[in-house]
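As a plain string of letters, each chain reads:
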2 protein chains.
Amino acid sequence: MTTRRTGLREQKKQATRVALREAALRLALQHGPDNVRVDDIAEAAGVSPRTYNNYFSSREQAIVAAVTAERESRVAAALAARPARTRLADALTEAILEQYTEPRDHEALLLITTSPTLREAFLDAAAAVEHPLAAAIDQRLGDTGTPVARVLAASVAAAVRVALQQWLQPPAAPLTAGGLVVPSGSLPDLLRSALAALAPALDAAEEQAQQRPRR
Amino acid sequence: MTTRRTGLREQKKQATRVALREAALRLALQHGPDNVRVDDIAEAAGVSPRTYNNYFSSREQAIVAAVTAERESRVAAALAARPARTRLADALTEAILEQYTEPRDHEALLLITTSPTLREAFLDAAAAVEHPLAAAIDQRLGDTGTPVARVLAASVAAAVRVALQQWLQPPAAPLTAGGLVVPSGSLPDLLRSALAALAPALDAAEEQAQQRPRR
DNA sequence: GCGCAAACTTGCGTGCACGCAATATTTGTT
DNA sequence: AACAAATATTGCGTGCACGCAAGTTTGCGC
């Protein structure tokens, strides 16, 4: 059920997708993100420029995809893998940390930090967790069909986004007056505290689900 | 303090901004969203095409702006206007409903429903609440400087987005198996129930803030 | 194997977003 | 009132996204 689509076809598609995003990243690292034309990427991957655009709808998307890859679906899978009796909030936090903590290509992340457009694309990519996550959460809550799971998933995605945003943000300015702004800690910490703010909502949803009969 | 920028300059800018978005909407209604070129909009507003692009970074954005306008900042203002002693979750819900319930140009909304690209832009526009809202929430929580307010604001924005998405979604298909999917009620109801899922998180943040000394 | 239908790729054309540098307008200052 | 600094507007050029209508490949039943 994971791959309904037959064989060779899907296989080839995945291959070109990978070829494209890796070419994109490689060229971006090599020549700088602004000195890479779409045509170059397409050529490097051995497809027509038009085909490139069938896979990615912006240059930045392709570059960033080399880092984010299938992280989104993995988060959902990681959540589903946790024992059903663990607290939803905890399971979620662990699942997310597990995916965002693994030290992906550090060089690439540095590159992304550099360009505003790439940062933007990187943050947007995080939004892709929403749908898989909504499904996974809904399942945990007993397939309510309610939009609650969607809201929670969207909120979690938003929280992740905020955490990533803080993390990417160059420590830049000499801290605004009052010294209130924390110099942005490690990513795991940022993620944890962002998600902590949502924990009560997750708990509440879980509790309601348990009072309802499981299907 | 609301408008630091002096007078004539900002006034003119606002004027052309309004002219642009209204021209965009009018032309879109008149000729259909796909039969409006950027040059037409610019000409109708009496500015160069290049200037148009200094105000809006996509055709859809301009059209949608005619409906969403300054709704975002108003939500924050509406929140700030509520008495500080009301429950944060309630104040927020009221503030949002207040802004999204007023029957804006119905004709335009119908148009937006029509085109996928416009729907997309409309949903994206809702994300603009995030920043003003974060500021307003942070103030209610006692200017913590913590990212908690940001996370909550982002979550609220996400919830609003989900509600709008359900609302825009044409009742289309004959309901999936089991009859679990509700035929998308009224917008106020959708917003209310979406925000209800976040209420526990808002309560918790508020409670923590009250235990901390106000600055 | 054969051939048809569905799915993917490609080239072309159009409209668009946006950086850049020159020009025009506004504003605060003397 | 005149000037200089700040800020907006405009034209131009480049690269890009994407609809469309061929052409090509893959999958499947016979």
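Residues numbered from 1 in each chain as written. Chains lettered and ligands numbered in written order. Predicted model: local features only at pLDDT ≥ 70, side-chain atom pairs only at ≥ 80, totals over all residues. Heavy atoms only, no water.

For chain A, an unreviewed UniProt entry supplies the name TetR family transcriptional regulator and the organism Sinosporangium siamense.

1. Considerations on the UniProt feature "DNA-binding region" (unreviewed entry) in chain A
The UniProt entry lists residues 37-56 of chain A under the feature "DNA-binding region" (unreviewed entry), expressed in the numbering used here. Span residues 37-56 of chain A is 75% helix and 0% strand, its end C-alpha atoms 14 Å apart. (UniProt positions renumbered as here; feature names shortened; annotations may be inferred. Helix = DSSP H or I, 4+ residues; strand = E, 2+ residues; numbered from the N terminus.)

2. Here's the deal with the protein's contact with DNA strand D
Taken together, 23 residues form the shell around DNA strand D, and within it Lys12, Arg50 and Ser58 of chain A together with Arg9 and Thr51 of chain B come nearest. Residue Arg9 of chain A places a main-chain N or O atom 2.9 Å away from a phosphate oxygen belonging to DNA strand D. Among the secondary structure elements, those contributing two or more residues to the surface near DNA strand D are α1 (8-31) and α3 (49-55) of chain A together with α1 (8-31) and α3 (49-55) of chain B. The leading source of residues in the surface near DNA strand D is α3 of chain B, at four residues. Looking at the surface near DNA strand D residue by residue, the classes come out as six nonpolar, eight polar and nine charged. (Near = heavy atom within 4 Å. Polar contact = N/O pair within 3.5 Å; in protein donor to acceptor, adjacent residues only side chain to side chain. Nonpolar A, V, L, I, M, F, W, Y, C, P; charged D, E, K, R; others polar.)

3. What about the environment of Leu168 of chain B?
Residues and elements named next belong to chain B. With respect to the secondary-structure elements, Leu168 resides in helix α10 (residues 148-168). Among the residues examined, Leu168 registers a relative accessible area of 6% and is labelled buried. Distance from Leu168 to Leu110, taken between C-alpha atoms, is 9.3 Å for residues 58 residues apart in sequence. Beyond its immediate stretch of four places on either side in the chain, Leu168 contacts Thr113, Arg119, Phe122 and Leu123. (Buried < 20%, exposed > 50% of the residue type's maximum accessible area, 1.4 Å probe, protein only. Contact = heavy atoms within 4.5 Å.)

4. Considering the protein's contact with DNA strand C
Taken together, 23 residues are adjacent to DNA strand C, and Arg9 and Thr51 of chain A together with Lys12, Arg50 and Ser58 of chain B come closest. Taking Val38 of chain B, its main chain carries an N or O atom lying 2.8 Å from a phosphate oxygen of DNA strand C. Every element with two or more residues in the surface near DNA strand C is listed here: α1 and α3 of chain A together with α1 and α3 of chain B. The greatest single-element share of the surface near DNA strand C, amounting to four residues, is contributed by α3 of chain A. Across the surface near DNA strand C, the residue classes tally to six nonpolar, eight polar and nine charged.

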